[in-house]
Amino acid sequence: MQEPNDILQVRNVYKDFSGLKVLTGVDFKVKENEKHAVIGPNGAGKTTLFNIISGKYKPSSGSIIFKGEDISGRSPHVLTRMKVSRSFQITNVFQELNVLENVRAGVRCDHGLRYHFLKTPGSIAEVNKKTEEILTLVGLAEVKQTLARELSYGQQRALEIAVTLSTEPELILLDEPTAGMTREETGEAIKMIDKVTASKTLIIIEHDMDVVFSLADTVSVLHNGSILISGSPEQIRNDQRVKDAYLGEEGD
Amino acid sequence: MGEIPVFFLHGLVYAGLLFLVSSGLTLVFGMMNVLNLAHAAFYMLGAYFSYSVLNITGHFYLCLIICPLFLFILGMLVERFLLRRVHVYGHVQELLITFGVAYIITESVKWIWGNYPLGVNLSGFLTGSVNLFGLFYPVYRLFMFFCAVFISLIMAMVLYKTKIGIIVRASVDDTEMVNALGVNVPVVFTAVFGFGAALSGFAGVIAGPLLTTYPGMAAEILVDAFVVIVIGGMGSLGGAIVASLMIGELQSFGALLFPKLSLALMYMLMAAVLIIRPSGLFGEEQ
Amino acid sequence: MKQRSHASLLAWGTLILVAGVLLPLAVRQYQLAILTEIIIFALFAVSYNLLLGYAGLLSFGHAMFFGTGAYTVAIVINHIPSLSFFGAVILSLSVTTITGLVVGSFLLRHKGTPFALLTLAFNALFYAIATKWHSITGGDDGLSIFRPDINIGFAQLSTSSIPAFYYITFIIIGLVMLFSWYFTRTAMGQTVLLMRENEERMKFLGYNTNVSRLILFVFTGFLAGLAGIFYALFFQFTSITAISIDMSTIVLLMVIIGGTGSFVGPIIGACVYIYLQDFLSDITDRWPFIMGLIFIFMILYVPKGLSGLIYSLIERLRGRRHLSRKVEIAE
């Protein structure tokens with residue numbers, strides 16, 4: 001069942017919050033270097049699924065296998081060090097710090113500069129170099145001295161991704177990176193995401209079908225707490241059950 | 001032979017007192033998310049007011065009504081004119097302002113009544129002893145216990161049977177929700193804060209004749225009440241009852257069995273609870 | 001701009017150094033004693049502000065470390081004959097650090113109100129131990145000590161005179177304070193600041209925030225312990241005041257008066273508090289009451305403290321120059 005190139009397996013994951021069943025047996029696999037989109041109507045449990053994979057919540061039952069190791073219920077910081085990293089749907093950065101410091105926080109942690117009493121955050125050349133690289137990659141190099149809270153909305157979303165990338169993850173989870181963007185901004189964002197996740201594994205939650213179909217190799221549809229279907233974008237587009245699930249929501 | 005029942009009753013009496021103090025503390029915390037550090041200072045004021053009212057009027061029963069009423073008003077003033085002003089700055093500032101109030105009350109007490117213990121002298125029926133199944137037990141302690149139970153019952157009735165009680169319990173669960181329903185939450189906050197102060201003051205009034213009335217009495221019960229709400233779980237009334245009983249009995253039997261360790265026992269219990277359940281026995285898990 | 005701030009920093013440093021060295025020649029012994037006390041309390045306040053200002057953790061129990069330092073140094077000096085000055089200091093610091101580790105391990109999962117409450121309870125426990133354990137701590141009577149001389153190989157330095165002890169305090173605490181300032185800029189110091197900003201994201205960046213809190217707690221306990229050690233050596237006496245909640249209150253008052261928003265705030269606060277106390281206690285016995293009023297006034301009307309006032313004044317004078325590195329309590 002376990003194929004050697006599966007980087008992540010989600011096996012029969014259940015989650016309920018004091019009786020409220022949010023996930024009812026989620027199963028899917030992600031191959032190494034795959035771009036995997038998770039779609040589904042509102043309230044299907046997409047963000048809860050991310051919260052479980054990234055360690056924010058423990059699954060009520062079931063397991064998450066990352067690179068052949070059961071990681072279910074491990075703390076976020078442990079998972080980050082194992083090279084899993086996630087972004088947040090609502091920008092969750094250090095608002096009172098500038099862009100450079102935001103990104104450097106993750107980079108220095110990745111380089112082991114966490115609790116040092118003598119070295120300053122900027123004292124390791126490699127950390128600074130990596131920070132600059134990420135800033136250039138996401139297109140924030142020019143505003144690196146600006147406070148996060150003073151950025152435009154599009155820039156904030158870019159910073160959210162930059163911070164997610166700062167720990168040099170192998171598995172990247174992006175939670176609706178283009179939410180709230182204009183059509184134009186979305187186009188830019190997709191190009192950027194495509195670029196920064198090259199040769200990495202990506203799982204992305206997305207509402208915008210254009211984004212999904214232009215970015216993903218595989219799409220999983222989450223509906224009522226479990227995976228309805230996984231397949232290529234083409235398969236998903238033509239599947240009757242998917243159409244019903246979405247139409248059902250619009251009919252509400 | 002008669003020691004164990006006596007100490008058990010002593011424990012119950014102290015548990016009643018602790019519950020009167022900690023219930024207000026935990027109710028205010030549950031609702032407003034503010035730990036009122038001045039809560040025990042209200043308790044102390046209750047005792048001191050009662051000392052003065054008793055000296056002037058000579059009627060202890062009068063103290064039981066006048067003093068809580070006074071603290072009710074004082075509590076509402078503190079909430080309305082101090083606490084609410086710093087609400088926008090966050091929890092740290094709220095804690096600090098209640099701390100400042102406690103500090104000023106303590107210093108005022110030292111100023112007005114002096115920095116030494118005062119004795120509250122009762123007379124009549126309350127000073128005697130009563131025969132409980134062959135056991136002579138002071139009437140006053142029993143009186144304290146029944147007062148505590150009586151007040152607790154009234155509180156339970158108000159909380160569970162009246163509309164205001166439902167609102168209070170609902171805003172312990174979810175303040176924004178109640179706000180959205182169109183209830184004037186700030187007014188409820190002020191009233192509950194005042195009510196907590198009155199409860200605490202009432203506890204002070206009945207504690208006065210038994211325990212010494214002195215400026216350190218606030219700090220003394222404050223720590224016990226904190227331990228109660230840490231063990232019971234912050235914001236939980238049921239937890240406060242259970243933990244009050246635990247601490248009351250622990251202190252009483254601790255004093256009997258391990259006089260040198262009685263204080264340490266309480267902290268050990270707290271530490272044990274913190275290790276096993278950091279949010280307290282009845283607290284919500286994070 | 002960076003060059004300029006370095007230059008001004010150097011200028012300030014030199015000024016403080018020269019003033020500190022020359023002052024004993026200019027002022028009377030009484031003033032010098034007050035100055036020594038201020039330096040000791042300034043370190044205590046700085047350590048407290050690393051918790052309150054930088055990490056956003058309100059503690060009502062900082063005196064447990066101050067007191068542990070003060071008691072340990074008195075106990076080791078009295079019980080171990082011929083213990084050297086630095087031997088006593090280092091031994092006491094080790095005890096304080098271990099104390100911080102033990103207490104901190106109970107507290108590391110807590111912040112906000114539960115943290116405040118638990119520190120208060122722990123302080124009460126420490127106070128109870130100090131009063132009850134009469135054979136070791138002297139109970140209400142306290143402990144008297146002699147200051148050991150400093151032995152530097154070829155010579156003995158007497159520490160008994162006021163100027164001599166002033167210089168020792170000025171040098172050692174000055175160096176430690178300098179290091180504390182540097183600490184706020186190090187990886188660990190910045191980790192603390194980032195955690196206050198957004199603890200959740202820190203976890204998702206790979207930081208173990210509980211461990212960070214523990215490290216900070218132990219470090220601030222260490223600094224407070226050093227202040228306590230010097231407090232005991234200065235008065236040549238340790239009493240239950242040193243470990244009481246009143247002492248925790250004093251450091252809180254200092255920091256609130258000075259302001260939590262900058263490194264120098266608590267130093268200003270310690271200065272003002274001690275002079276104010278010295279002045280007020282001469283004219284009235286009710287000086288703690290006045291301190292309480294000042295405290296409430298500061299909370300209500302000057303939430304950034306005196307240092308915040310000074311900063312905004314400077315900012316206005318310079319025409320709003322950028323002062324972005326602030327650490328005020330923002331929630």
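See the structure shown above.
Residues numbered from 1 in each chain as written. Chains lettered and ligands numbered in written order. Predicted model: local features only at pLDDT ≥ 70, side-chain atom pairs only at ≥ 80, totals over all residues. Heavy atoms only, no water.

### Side note on the overall build of chain B
Phase 1 of the analysis: Secondary structure summary: chain B contains 11 helices and 2 strands in total.
Phase 2 of the analysis: What you see for chain B is a C-alpha radius of gyration of 19 Å, in line with the 19 Å of a compact globule of 286 residues.
Phase 3 of the analysis: Structurally, chain B occupies a C-alpha span of about 60 × 50 × 35 Å along its principal axes.
Phase 4 of the analysis: Within the span of chain B, comprising 286 residues, buried residues form 55% of the whole.
Phase 5 of the analysis: When contacts within chain B are restricted to residue pairs at least 6 apart in sequence, those whose partners lie at least 24 apart make up 77%.
Phase 6 of the analysis: As displayed, chain B has an accessible area near 12,800 Å², and 70% of this comes from carbon and sulfur atoms.
Phase 7 of the analysis: Taken as two groups, the 10 positive and 12 negative side-chain charges of chain B have centres that lie 7 Å from each other. (Helix = DSSP H or I, 4+ residues; strand = E, 2+ residues; numbered from the N terminus. Rg over C-alpha atoms; globule rule 2.2 N^0.38 Å. Buried < 20%, exposed > 50% of the residue type's maximum accessible area, 1.4 Å probe, protein only. Contact = heavy atoms within 4.5 Å. Areas by Shrake-Rupley, 256 points an atom, 1.4 Å probe, with all protein chains shown as cover. Lys, Arg positive; Asp, Glu negative; His and termini not counted. Charge placed at Lys NZ, Arg CZ, Asp CG, Glu CD.)

### What to know about the interface of chain A and chain C
Phase 1 of the analysis: Listed as interface residues are 35 residues of chain A and, on the opposing side, 27 residues of chain C.
Phase 2 of the analysis: Between chain A and chain C, roughly 2,800 Å² of surface is buried when both sides are summed, and carbon and sulfur atoms account for 60% of that area.
Phase 3 of the analysis: Interface area lost by chain A to chain C is led by F94, Y115 and F117 of chain A, which between them contribute 28%.
Phase 4 of the analysis: Inspection of the chain A/chain C interface yields 2 salt bridges.
Phase 5 of the analysis: Measuring nitrogen to oxygen at the nearest pair gives 2.4 Å for the salt bridge that ties E160 of chain A to R201 of chain C.
Phase 6 of the analysis: The interface formed by chain A and chain C includes 22 residue pairs in polar contact (both at pLDDT 80 or more).
Phase 7 of the analysis: If you list the elements that add at least two residues to the side of chain A that touches chain C, you get α2 (76–81), α3 (99–110) and α5 (153–165) of chain A. (Buried area = accessible area lost by both parts, 1.4 Å probe. Salt bridge = Lys/Arg side-chain N within 4 Å of Asp/Glu carboxyl O. Polar contact = N/O pair within 3.5 Å; in protein donor to acceptor, adjacent residues only side chain to side chain.)

### Topic: the arrangement of the chains
Phase 1 of the analysis: For the 2 pairs of chains in contact, the maximum contact count is reached by chains A and C.
Phase 2 of the analysis: As for chain B relative to chain A, no contact occurs, and the smallest C-alpha gap between them is 11 Å.

### A closer look at the side chain of T131 of chain A
Phase 1 of the analysis: Structurally, T131 of chain A can be placed in helix α4 (residues 125–138).
Phase 2 of the analysis: Non-local contacts of T131 of chain A, meaning those with residues more than four positions away in its chain, are made with L100, V103, R104 and V107 of chain A.

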